[in-house]
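Secondary and tertiary structure notes
Each chain is listed here by its residues.
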Amino acid sequence: MFERIKTLLKDKKAQLSVEYLIMIIFGLMLVIISSIIVINLNSLLGLARSKILTYRDNILSAL
């Protein structure tokens with residue numbers, strides 16, 4: 001069993017496969033993190049928009 005693992009680690013094709021796997025995992029993590037950031041920014045934008053509209057309504061009612 002360990003002999004097979006050692007031969008896979010020494011094999012050039014296996015090393016390329018591992019590098020591609022690491023690159024794909026890194027890309028997926030990058031997409032997930034960026035989508036979480038976009039969702040958080042979108043919710044903050046909605047909150048800021050509602051506060052601005054509330055302040056505007058308060059100012060208009062005070063006039």
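What this report covers is the structure whose coordinates are included nearby.

1. What about the pattern of salt bridges?
Using the criterion set out here, one finds 1 salt bridge in the structure. Residues Asp57 and Arg56 are paired through a salt bridge, measuring 3.7 Å at the closest nitrogen-oxygen approach.

2. What to know about the environment of Ser50
Among the secondary structure elements, Ser50 is positioned in helix α2 (residues 12–62). A polar atom in the side chain of Ser50 sits 2.7 Å from the backbone oxygen of Leu47.

3. A word on a nonpolar patch on the surface
On the surface, Leu21, Ile25, Met29, Ile33, Ile37, Leu41, Leu44 and Leu47 cluster together into a nonpolar patch covering about 770 Å² of accessible area. Tracing the backbone shows Leu41 in helix α2.

4. What about the environment of Thr54?
Considering the arrangement of structural elements, one finds Thr54 in helix α2. A distance of 2.8 Å separates a polar atom in the side chain of Thr54 from the backbone oxygen of Ser50.

The rules we used
- Residues numbered from 1 in each chain as written.
- Predicted model: local features only at pLDDT ≥ 70, side-chain atom pairs only at ≥ 80, totals over all residues.
- Heavy atoms only, no water.
- Salt bridge = Lys/Arg side-chain N within 4 Å of Asp/Glu carboxyl O.
- Helix = DSSP H or I, 4+ residues; strand = E, 2+ residues; numbered from the N terminus.
- Polar contact = N/O pair within 3.5 Å; in protein donor to acceptor, adjacent residues only side chain to side chain.
- Patch = residues over 30% accessible without salt bridge, like charges linked within 9 Å, V, L, I, M, F, W, Y side chains within 5 Å.
- Areas by Shrake-Rupley, 256 points an atom, 1.4 Å probe, with all protein chains shown as cover.

Purely geometric stuff here, so don't read any function into it on its own.
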